[in-house]
Amino acid sequence: MKTLKIAIQKSGRLNEKSVEILKNCGLSFENYKSSLITSVSNFPLEILFLRDDDIPEYVQDGIADLGIVGENVITEAGAKVTYLQKLGFGRCTLKIAVPSHSKLTDIQQLEGQAIATSYPVILEKYLKENDVKNVQIRTISGSVEIGPGLGLSDAIFDIVSTGGTLKSNGLKPFAEVMKSEAVLIGKEGTDLNPEVQELLQRIRSVLRAKETKYVVLNVAKSNLQEVVNLLPGVKSPTIVPLFEEGWVAVHSVIAEQDFWEKINSLKAAGAQGIVVMPIEKIIT
């Protein structure tokens, strides 16, 4: 059995969540941040801790079979890899931002401007698609947001999570270019590997569980159908008779984002004693 290699960020905003999802998949390993590699003791897998910018090319070239990295990094690198699974964390937006006092209102008005960025490939592609040709792209790493304040650029193009950093540097969003989140990638053809399929199944079961809750409630039989219609479950709810005649307990699974919208409807339908519990994994 071949030992797979998966590359994750050594440090930064994706490291903690990458380690967390792998551990939630039942993988046993130590997170050696001072080392470049660690082995999983209960699965044929080695974990490489790398700079996020290096991960797409490591996977493309087959040095690593799999990788967890942001879509923005993959796009910037132009690596030929296969997207296996979006992971639901590390979400951000890449935006062009301009000084708060700027009067620019249209993307075409960027003609003749200088834009500082750590993502010149993505920016150049966006400008080309919008027929903006005469722009000076100044590639810098780190602290892109200080560019206009130093007179280095008229605008910036960077990752925006909450917008707080832009505001504190006297900037405002001008144009949204792309959305990004962490994804599991593989070299082309690696999705056919049985061990990769096993790992994918584990990851997907963890992701499904994070998006759902286990719900138990009591309801009179006379109101049962109305409650069941609100709780479809994975296939259908489980109904258990209660000691009190004419009452049942309903066990079901519901998407967390739907639960708060349905709670009042459940109560109006006669549901009582509603208990909501987290789910560790869902395997279908």
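The rules behind each value
- Residues numbered from 1 in each chain as written.
- Predicted model: local features only at pLDDT ≥ 70, side-chain atom pairs only at ≥ 80, totals over all residues.
- Heavy atoms only, no water.
- Axes fitted to C-alpha atoms, helices over the stretch in contact; angles between N-to-C directions.
- Helix = DSSP H or I, 4+ residues; strand = E, 2+ residues; numbered from the N terminus.
- Parallel < 35°, antiparallel > 145°, perpendicular 65-115°, else oblique.
- Contact = heavy atoms within 4.5 Å.
- Buried < 20%, exposed > 50% of the residue type's maximum accessible area, 1.4 Å probe, protein only.
- 1 Å grid on protein atoms, 1.4 Å probe; cavity = no way out; pocket = protein on both sides within 12 Å on 5 of 7 lines; lining within 4 Å.
- Points joined across faces, edges and corners; volume = space filled by probe spheres on them.
- Salt bridge = Lys/Arg side-chain N within 4 Å of Asp/Glu carboxyl O.
- Core = buried A, V, L, I, M, F, W, Y, C linked by side-chain atoms within 4.5 Å.
- Pairing = 2+ DSSP bridges.
- Nonpolar A, V, L, I, M, F, W, Y, C, P; charged D, E, K, R; others polar.
- Polar contact = N/O pair within 3.5 Å; in protein donor to acceptor, adjacent residues only side chain to side chain.

What follows is about the packing of helix H1 (residues 15-24) against helix H7 (residues 194-210). Each pair of packed helices gets described by two things: the angle between the helix axes and the distance between those axes. Packing of H1 against H7 leaves a shortest axis separation of 9 Å and a crossing angle of 105°. Here H1 is positioned roughly perpendicular relative to H7, judged by the angle of their axes. Contacts between H1 and H7 involve Glu20, Ile21 and Asn24 from the first element and Ile203, Val206, Leu207 and Lys210 from the second.

A few words now on the environment of Pro120. Tracing the backbone through its elements, the reader meets Pro120 in helix H4 (residues 120-129). A relative accessible area of 19% places Pro120 in the buried class. In the structure, Pro120 is positioned 81 residues away from Ser39 in sequence and 36 Å away in space, judged by C-alpha atoms. When neighbours within four sequence positions are excluded, Pro120 is seen to be in contact with Glu76, Ile137 and Thr139.

Within this model, the largest pocket holds a volume of roughly 450 Å³. Asp52, Asp53, Ser118, Tyr119 and Ile159 are the residues nearest the centre of the largest pocket, which is lined by 22 residues in total. Breaking the lining of the largest pocket down by element, the ones donating at least two residues are helix H3 (71-77) and strand E9 (155-160). In terms of residue count, the dominant contributor to the lining of the largest pocket is H3 (four residues). Here the second largest pocket is characterised by a volume of approximately 160 Å³. Elements that contribute at least two residues to the lining of the second largest pocket include exactly E9 and helix H6 (164-168). Take the lining of the second largest pocket: its biggest share by element is four residues, from E9.

Applying the stated rule across the entire model yields 12 salt bridges. When the shortest N-O distance is used, the salt bridge between Lys86 and Glu71 registers 3.7 Å. Note that Lys86 is positioned in strand E5 (residues 82-86) and Glu71 in helix H3, a separation of 15 residues in sequence. Of the charged contacts in the structure, one is a salt bridge between Glu129 and Lys125, with a shortest N-O distance of 2.5 Å. Taken as a pair, Glu129 and Lys125 lie in helix H4 at a separation of four residues, close to a single helical turn. Linked by salt bridges that have partners in common, Lys2, Asp65 and Lys187 make up one network.

The next subject is the nonpolar core. Counting 28 residues, the largest nonpolar core has Ile6, Ile21, Leu27, Ile68, Leu87 and Leu184 as the members making the most contacts within it. Contributing elements (two or more residues each) for this core: strand E1 (4-9), H1, strand E3 (45-50), strand E4 (66-70), strand E11 (182-186) and H7. Ranked by residue count, the leading element in this core is H7, at six residues. If near-sequence neighbours (up to four positions away) are discounted, Ile6 is found in contact with Leu22, Leu45, Glu46, Ile47, Leu48, Leu66, Gly67, Ile68 and Leu184. Formed by 20 residues, the second largest nonpolar core is a distinct cluster that contains Ile96, Ile107, Leu110 and Val135.

Moving on, we come to the sheet that holds strand E15 (residues 272-278). Spatially, E13-E14-E12-E15 is the arrangement adopted by the four strands of the open sheet, whose pairing is antiparallel. Two strands lie at the open edges of the sheet, namely strand E13 (238-241) and E15, each paired on one side alone. This sheet shows a mean twist of 20° between the axes of neighbouring strands, independent of strand direction. As judged from the four bridges shared by E13 and strand E14 (residues 247-255), these two strands associate in the antiparallel manner. Bridge pairing in E14 places Val240 opposite Ala249. Each of strand E12 (212-220), E14 and E15 is contacted by helix H9 (residues 256-268), which is oriented at about 150° to E14, the strand it contacts most.

Using the criterion set out here, one finds one cavity of 30 Å³ or more in the structure. Here the largest cavity is characterised by a volume of approximately 40 Å³. Here the lining of the largest cavity is built from residues that sort into three nonpolar, no polar and three charged.

What follows deals with the side chain of Ser180. Mapped onto the secondary structure, Ser180 falls in strand E10 (residues 171-180). Given a relative accessible area of 4%, Ser180 falls into the buried group. A distance of 2.9 Å separates polar atoms of two side chains, one belonging to Ser180 and the other to Asn72. When sequence neighbours within four positions are dropped, the list of residues in contact with Ser180 reads Gly70, Glu71, Asn72, Gly90, Arg91, Cys92 and Leu94.

The next point concerns the sheet that holds E11. Strand order in the open sheet formed by six strands is E2-E3-E1-E4-E11-E5, with mixed pairing between adjacent strands. Of all strands in the sheet, those bounded by a partner on one side alone are strand E2 (37-39) and E5. Neighbour to neighbour, the strand axes of the sheet diverge by 25° on average, direction disregarded. Where E4 and E11 come together, five bridges link them in antiparallel fashion.

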